[in-house]
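Chains, contacts and geometry: an overview
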Amino acid sequence: MSKVSIDIAAELARLADLTIFELRAEWRRLHRAQPPMRLSRDLLMRGITYKLQERPLGGLSKATLRKLASLKANTDVNKPPPVPVSVKPGTRLVREWRGVTHCVLVHADGFEWSGERYGSLTLIAEKITGAHWSGPRFFGLRRLTGASSKGAESGRAEI
């Protein structure tokens, strides 16, 4: 075993004996920042262990750091990646909303509803419902996940 691995093993044994408050102090010392709120003991130890290994063994490569930076710049964390609508021109999308049946004709450059052209299904869904809806989800091209999706999809609340 090398000297580095022995030192890290000794540090891990030392960390196992620390209280959560001492682990938070160790995080602050190594990361020079407050630990995230409500971080579990296990995750605190993992973050501290990474920093302990990073010092003697080196961190991420420059190429990896550049890749992460470019991914971060091109991604909005709160917004899921767009899913392309895969319907062919000529397709008719039909949705009943509050007793009225709505038909949308898909064109190569947009959608037609009630004799008017629209650039997106979301605009049509908003006109129909009077509220913001995902157009593909409203017309059944994408589904919500979770138990509440059934009521939202049908336009009625589940009781």
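Residues numbered from 1 in each chain as written. Predicted model: local features only at pLDDT ≥ 70, side-chain atom pairs only at ≥ 80, totals over all residues. Heavy atoms only, no water.

**Describing unusual backbone geometry**
- You will see that Arg 38, though not glycine, has its phi angle at about 55°, which is positive.
- With respect to the secondary-structure elements, Arg 38 resides in the loop between helix 2 (20–31) and helix 3 (41–57).
- You can call Arg 38 exposed: its relative accessible area is 76%.
- Unlike most non-glycine residues, Ser 114 shows phi in positive territory, near 50°.
- Within the element layout of this structure, Ser 114 appears in the loop between strand 3 (110–113) and strand 4 (116–118). (Helix = DSSP H or I, 4+ residues; strand = E, 2+ residues; numbered from the N terminus. Buried < 20%, exposed > 50% of the residue type's maximum accessible area, 1.4 Å probe, protein only.)

**Digging into the pairing of strand 3**
- Bridge analysis of strand 2 (residues 100–107) against strand 3 gives four bridges, and the strand direction is antiparallel. The partner of Val 106 across the bridge, within strand 3, is Phe 111.
- What sits between strand 2 and strand 3 in their antiparallel hairpin is a turn of two residues.
- Relative to strand 4, strand 3 runs antiparallel, the two sharing three bridges. Paired with Glu 112 across the two strands is Arg 117, which belongs to strand 4.
- Joining the antiparallel neighbours strand 3 and strand 4 is a turn of two residues, in which Ser 114 adopts a positive phi near 50°. (Pairing = 2+ DSSP bridges.)

**Quick notes on the pairing of strand 2**
- Here six bridges tie strand 1 (residues 92–97) to strand 2, and the two strands are oriented antiparallel to one another. In the strand pairing of strand 2, Trp 97 is matched with Val 100.
- Between strand 1 and the antiparallel strand that follows it, strand 2, lie two residues; Arg 98 among them carries a positive phi value of about 55°.

**Remarks on the pattern of salt bridges**
- In this structure the tally under the stated criterion is six salt bridges.
- Close ionic contact of Arg 29 with Glu 26 constitutes a salt bridge, the shortest N to O distance being 2.5 Å. Placement of both Arg 29 and Glu 26 in helix 2 is noted, with a separation of three residues, approximately one turn of the helix.
- Relative accessible area serves as the criterion here: at 46%, Arg 29 is assigned to the partly exposed category.
- Taking relative accessible area as the criterion, Glu 26 reaches 9% and is therefore assigned buried.
- Here the residues in one salt-bridge network are Glu 11, Arg 14, Glu 26 and Arg 29, joined through shared partners. (Salt bridge = Lys/Arg side-chain N within 4 Å of Asp/Glu carboxyl O.)

**A few points about the packing of aromatic side chains**
- Following the criterion strictly, the structure yields five aromatic pairs and no others.
- Aromatic pair Trp 97 and Trp 133: ring centres 5.7 Å apart, planes at 80°, arrangement edge-to-face. With Trp 97 in strand 1 and Trp 133 in the loop between helix 5 (121–129) and helix 6 (135–138), this residue pair connects regions lying 36 residues apart in the sequence.
- Since its relative accessible area comes to 9%, Trp 97 is described here as buried.
- Taken together, a centroid distance of 5.0 Å and an interplanar angle of 85° make the contact between Phe 138 and Phe 139 edge-to-face. For the residue pair Phe 138 and Phe 139, the accessibility class agrees, reading buried in each case.
- Through pairs of rings, three or more aromatic residues link up here, namely Trp 97, Trp 133, Phe 138 and Phe 139.
- When the ring centre of Trp 133 is taken as reference, the NZ or CZ atom of Arg 95 above it lies at 5.9 Å. (Phe/Tyr/Trp six-rings, centres within 6.5 Å; stacked < 30°, edge-to-face > 60°. Lys NZ or Arg CZ within 6 Å of the ring centre and 35° of its normal.)

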